[in-house]
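# Residue-level structural notes
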Amino acid sequence: MKVSRRSFLKYCIASAATIGLDLSVVKLLEKALAAAEAPPVLWLNGANCTGCTVSLANVVAHAGALDVGDLLINTINLTFHPNLMGAAGDLAVTTLFDAAQAGGYILAVDGGIPTAFDGHTCIVWTDPRTGMEVTALEAVTELAGGAAAVLCIGTCASFGGIPAGNPNPTSIRSVREIIGGSTINIPGCPPHPDWMVWTFAQLLAGLSPKLDSSGRPKELFSGKSGVHKKCPRKEVDGKAATFGTDGLCLKKLGCRGPECKADCSTRLWNNGTNWCVGANAICLACTENGFPDKFSPFYRD
Ligand code: FSX
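The rules behind these values
- The written sequence of each chain sets the order in which its residues are numbered from 1.
- Totals for whole chains, interfaces and linings use all residues, but because this is a predicted model, local features are given only for residues with pLDDT of at least 70 and pairs of side-chain atoms are given and counted only at 80 or more.
- Each side-chain value is worked out from all heavy atoms of the structure, with water and hydrogens disregarded.
- Here a strand is any run of E in DSSP of at least two residues, a helix any run of H or I of at least four, and the numbering for each starts at the N terminus.
- Residue exposure (1.4 Å probe, protein chains only): buried if accessible area is under 20% of the type maximum, exposed if over 50%, otherwise partly exposed.
- Two residues qualify as a contact provided that any one of their heavy atoms is within 4.5 Å of a heavy atom in the partner residue.
- Accessible surface is estimated by sampling points in the Shrake-Rupley manner with a 1.4 Å probe; for residues, cover comes only from the protein chains shown.
- Salt bridge, as used here, is a side-chain nitrogen of Lys or Arg placed within 4 Å of a carboxyl oxygen of Asp or Glu.
- A pair of strands is treated as paired once DSSP finds two or more bridges between them.
- Note on method: axes are straight lines fitted to C-alpha atoms, helices fitted across the in-contact stretch only, with angles between N-to-C directions ranging 0 to 180 degrees.
- The nonpolar core is taken to be a set of buried Ala, Val, Leu, Ile, Met, Phe, Trp, Tyr and Cys residues, with the residues joined through side-chain atoms within 4.5 Å.
- Either an automatic procedure or a domain database provided the assignment from which the domain bounds are taken.
- Summary of the distance rule: residues count as near a molecule or strand when at least one heavy atom falls within 4 Å of that molecule or strand.
- Pairing of N or O atoms within 3.5 Å defines a polar contact, subject to two protein rules: one partner must be a possible hydrogen donor and the other a possible acceptor, and residues neighboring in sequence count only if both atoms are side-chain atoms.
- Pairing of aromatic side chains here covers Phe, Tyr and the six-membered ring of Trp, requires ring centres within 6.5 Å, and sorts the geometry by plane angle: under 30 degrees stacked, over 60 edge-to-face, intermediate tilted.
- We call a charge positioned over a ring when the NZ of a Lys or the CZ of an Arg lies within 6 Å of the ring centre and within 35 degrees of the ring normal.
- Here a cavity denotes a set of grid points, spaced 1 Å apart and computed over the protein atoms alone, in which a 1.4 Å probe fits but from which it cannot get out, and a pocket denotes an open set meeting protein on both sides within 12 Å along at least five of seven lines; residues with an atom within 4 Å of a point are reported as lining.
- Grid points are joined across faces, edges and corners, and a volume is the space filled by probe spheres set on the points.
- Asp, Glu, Lys and Arg are counted as charged, while Ala, Val, Leu, Ile, Met, Phe, Trp, Tyr, Cys and Pro are counted as nonpolar; the rest, among them Gly, fall into the polar class.

### Points about the overall build of the chain
Assigned secondary structure in the chain consists of ten helices and nine strands. Burial analysis of the chain (301 residues in total) assigns 51% to the buried set. For the chain, contacts bridging at least 24 residues in sequence account for 72% of all contacts bridging at least 6. In the structure as shown, the chain presents an accessible area of about 13600 Å², 54% of it carried by carbon and sulfur atoms.

Here's what the structure looks like:
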């Protein structure tokens, strides 16, 4: 796949402050993209709702035309993505095999990995060479070995998430549990598109983000900019006693903001339009390891 990267660079430069990209990273990125072709990204779906891909599709450039197709196909060199690629069937799988054989690819996984029934509740493709079905469990295990980096997109891939919630009938595990090695986790159900773009930009610039004990980039998931720390309702006198009360703290109603390290309260969602608490909904701590069971029940009387 031929790569044109000007619009991604333009986007990163114009949106650096919004995304949280250091200008020194943008410079490195510029250099890296001018020098060589971007590594292929092989994107696999485990058990999920596809919300992570929908979230990424919300990337809209302030600096002109950058949509998800431009970002993933023309810039990041997306070689395989079950929901976004044009190719299907044997052609798509053969393209993936060729890229895998060459090595040096980034493996992105969204969704948890079912392990019960030998993983046969989640089939990712049929191997054109053997005619055999391949499970997400087999695909992730095999492809992680040759990857330059393994990105877990969303809480399901990072920690198990909703599909791993009690009673977890298909024994979902996180990617890290499956491969037994290091992963870069970008949780959130779904993750913010800026968090994904930020991480891809770091990797393309040849950098390895520093990770916290949950495998998340420290720069994106820090207690200092956590949901409660920066919540505009924090200093307001009085707590909301019922839902639908504008402007008051939602802690009494079960808001999990104090346990959530994401920067949603300052970054906002839908291109800066609003966020969960801004819309009078509680924070569910969806970026945290253990979500959803650890934080359930979500609502209090
Ligand atoms: Fe999970 Fe993503 Fe939540 Fe959905 O792929 S993190 S259920 S938004 O789609 O994996």
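### Observations regarding the pattern of salt bridges
Side chains that carry opposite charge are capable of pairing whenever their charged atoms lie near each other. Counting across every chain of the model gives seven salt bridges. Residue Arg129 pairs with Asp127 through a salt bridge whose shortest N-O separation is 2.9 Å. Taking the relative accessible area as the measure of exposure, Asp127 reaches 9% and is therefore buried. Glu235 is paired through a salt bridge with Lys234; the nearest N and O atoms lie 4.0 Å apart. Among the residues examined, Glu235 registers a relative accessible area of 65% and is labelled exposed. When salt bridges that share partners are traced, they join Asp194, Asp263 and Arg267 into one network.

### Digging into the environment of Ala136
Structurally, Ala136 can be placed in helix α6 (residues 136-145). For Ala136, a relative accessible area of 1% translates into the label buried. For the pair Ala136 and Gly111, spaced 25 residues apart in sequence, the C-alpha separation works out to 9.5 Å.

### What to know about the sheet that holds strand β3 (residues 106-110)
Spatially, five strands are ordered β2-β1-β3-β7-β9 in an open sheet, and the strand pairing comes out parallel. Only two strands of the sheet have a single partner each, and these edge strands are β2 (78-80) and β9 (184-186). Each strand of the sheet is rotated relative to its neighbour by a mean of 25°, with strand direction disregarded. In this structure, strand β7 (residues 149-153) lies alongside β9, joined through three bridges in parallel fashion. Following the sheet pairing, Cys152 is matched in β9 by Asn185. Sheet contacts for helix α5 (residues 89-102): β1 (41-45) and β2; angle to β2, the most-contacted strand, approximately 120°.

### Looking at the nonpolar core
With 50 residues, the main nonpolar core has Leu21, Leu151, Ile153 and Trp195 as its most contacted residues. Here this core gets eight residues from one element, more than from any other, and that element is helix α9 (residues 193-204). Structurally, this core is a two-domain feature, drawing no fewer than three residues from each of domain 1 (6-204) and domain 2 (222-301). By size, the runner-up hydrophobic cluster in this structure holds 26 residues, among which are Phe80, Val93, Val134 and Ala157.

### Structural notes on the site of the ligand
Around the ligand lies a shell of 13 residues, among which Cys49, Gly51, Cys52, Cys156 and Cys189 are the nearest. With respect to the ligand, the backbone of Thr50 contributes an N or O atom lying 3.1 Å from an oxygen atom. Between the ligand and Cys52 there is a distance of 3.2 Å, counted from an oxygen atom to a backbone nitrogen or oxygen. At the level of elements, α3 (51-56) and α7 (155-159) are the ones that each hand at least two residues to the shell around the ligand.

### Some words on the packing of aromatic side chains
Throughout the structure, instances matching the rule amount to six aromatic pairs. An angle of 85° between the planes, with centres 5.9 Å apart, marks the rings of Trp195 and Trp269 as edge-to-face. Of this pair, Trp195 sits in helix α9 while Trp269 sits in the segment after α10 (264-267); the two residues are 74 residues apart in sequence, bridging distant segments of the chain. There is no split in this pair, since Trp195 and Trp269 are both buried. By way of ring pairs, the aromatic residues Phe80, Phe97 and Trp125 are connected into one cluster. Arg129 extends its terminal NZ or CZ atom over the ring of Phe97, reaching a point 4.1 Å from the ring centre.

### Concerning empty space enclosed by the protein
In the structure shown here, the tally under the stated rule is one cavity of 30 Å³ or more. Size it by volume and the largest cavity reaches roughly 110 Å³. What lines the largest cavity is a set of 13 residues, and nearest its centre among them are His228, Cys231, Cys249, Leu250 and Cys255. Here the lining of the largest cavity is composed, by residue class, of eight nonpolar, two polar and three charged.

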